Amino acid sequence: MRFLITAGPTREAIDPVRYITNRSSGKMGYCLAEAAAHDGHRVLLVSGPTSLDIPHGVDFLPVETAQEMYDAVQNQASYTDIAILSAAVADYRPVSVPDRKIKKTGERMVLELERTKDILGSMRSEFGFRGILVGFAAETHDVESYARGKLERKQCDMIIANDVSRRDIGFDASENEVLLIYPDRTDLLEKAAKTHIAHQIVERACRLYAGKTCHPGQHTFSGLEPSWN
């Protein structure tokens with residue numbers, strides 16, 4: 001099967017030397033790509049800036065901004081069986097970016113921000129993706145409730161939800177504990193190494209794919225060849 005996995009943060013420029021980003025290390029996404037490749041699947045990893053080594057056996061496409069990641073996913077979605085969008089994409093970006101460094105001129109500086117395009121939310125409606133769609137929800141409270149709302153709004157097959165208010169899991173950590181939110185139930189994957197969690201997520205996604213392909217008409221592909229190496 002062909003996996004499309006996004007990982008890492010994005011960077012939105014404020015000026016030539018500053019940018020808006022977040023705490024995502026990319027570890028979870030890289031572990032997912034490694035797990036899928038280990039299981040013999042063809043993997044394209046679309047990644048924002050990280051310090052991680054590229055997993056062996058995956059095709060790699062580096063991006064920096066939310067728009068670049070949107071474009072990359074849009075270009076590859078139709079060639080994908082399973083999409084796992086784990087990247088922590090910026091929700092907002094500066095409206096304008098000067099070509100020179102902003103100098104200190106006062107006690108305060110106000111930035112005007114605008115929404116970035118919603119990659120996960122565009123998969124079904126804009127990109128016409130009909131494969132298995134797995135998203136991530138990083139929340140600080142009401143984790144399951146917010147994740148289930150995201151699942152329904154964005155027509156996902158599964159949402160991976162984790163509590164990023166905890167310091168022992170999630171961002172910057174080597175371990176994670178997640179809720180797997182399905183349309184009809186919620187399963188807990190107890191705290192474990194991200195490598196172990198990744199293998200379980202890939203396995204669950206493959207089960208969903210197998211179940212969907214058992215029903216003709218629910219899953220179709222263009223038959224075109226992707227630009228993956």
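Note that the coordinates shown come from a computational prediction; the quantities given were computed from them, not determined experimentally.

Description of helix H1 (residues 27–38)
End to end, H1 covers 16 Å across twelve residues, agreeing with the expected 16 Å (1.5 Å per residue, within 8%). Of all twelve residues making up H1, nine are buried, and the element is well covered by its neighbours. Within H1, burial applies to Met28, Gly29, Tyr30, Cys31, Leu32, Ala33, Ala35, Ala36 and Ala37. Gly40 sits one or two residues past H1 and shows a positive phi near 95 degrees.

What to know about the layout of surface pockets
By volume, the largest pocket amounts to about 1000 Å³. Along the wall of the largest pocket there are 42 residues; nearest its centre are Ala87, Ala88, Val89, Phe136 and Lys150. Mapped onto the lining of the largest pocket, the elements with two or more residues apiece are strand E1 (2–7), H1, helix H3 (119–125), strand E9 (132–139), helix H4 (143–153) and strand E11 (175–181). Looking at which element gives the most residues to the lining of the largest pocket, the answer is E9, with four residues. Of the residues in the lining of the largest pocket, the class split is 19 nonpolar, 13 polar and ten charged.

A closer look at the pattern of salt bridges
For the structure on display, the rule yields 13 salt bridges. Between Asp157 and Arg124 there is a salt bridge, with its nearest N and O atoms 2.8 Å apart. With Asp157 in the loop between H4 and strand E10 (158–163) and Arg124 in helix H3, this pair connects stretches of sequence that are 33 residues apart. The class for Arg124 is buried, based on a relative accessible area of 16%. Connected via shared salt-bridge partners are Arg166, Asp168, Glu175, Glu177 and Lys191.

Focus: the pairing of strand E12 (residues 186–193)
As paired strands, E11 and E12 are joined by six bridges and run antiparallel to one another. Within the sheet, the bridge partner assigned to Ile181 lies in E12 and is Thr186. Connecting the antiparallel pair E11 and E12 is a turn made up of four residues.

Concerning the nonpolar core
Among the nonpolar cores identified, the biggest contains 33 residues, and Phe3, Ile5, Leu32, Ile84 and Ile201 are the most heavily contacted of them. Considering every element that reaches this core, the biggest residue donor is H1, with eight residues. The contacts of Leu32, once residues within four sequence positions are left out, are Ile5, Ile84, Ser86, Phe136, Ala198, Ile201 and Val202. Ala72, Val143, Leu179 and Ile181 belong to the second-largest nonpolar core, a separate cluster that totals 27 residues.

Parameters and conventions
- Residues numbered from 1 in each chain as written.
- Predicted model: local features only at pLDDT ≥ 70, side-chain atom pairs only at ≥ 80, totals over all residues.
- Heavy atoms only, no water.
- Helix = DSSP H or I, 4+ residues; strand = E, 2+ residues; numbered from the N terminus.
- Expected span 1.5 Å × (residues − 1).
- Buried < 20%, exposed > 50% of the residue type's maximum accessible area, 1.4 Å probe, protein only.
- 1 Å grid on protein atoms, 1.4 Å probe; cavity = no way out; pocket = protein on both sides within 12 Å on 5 of 7 lines; lining within 4 Å.
- Points joined across faces, edges and corners; volume = space filled by probe spheres on them.
- Nonpolar A, V, L, I, M, F, W, Y, C, P; charged D, E, K, R; others polar.
- Salt bridge = Lys/Arg side-chain N within 4 Å of Asp/Glu carboxyl O.
- Pairing = 2+ DSSP bridges.
- Core = buried A, V, L, I, M, F, W, Y, C linked by side-chain atoms within 4.5 Å.
- Contact = heavy atoms within 4.5 Å.

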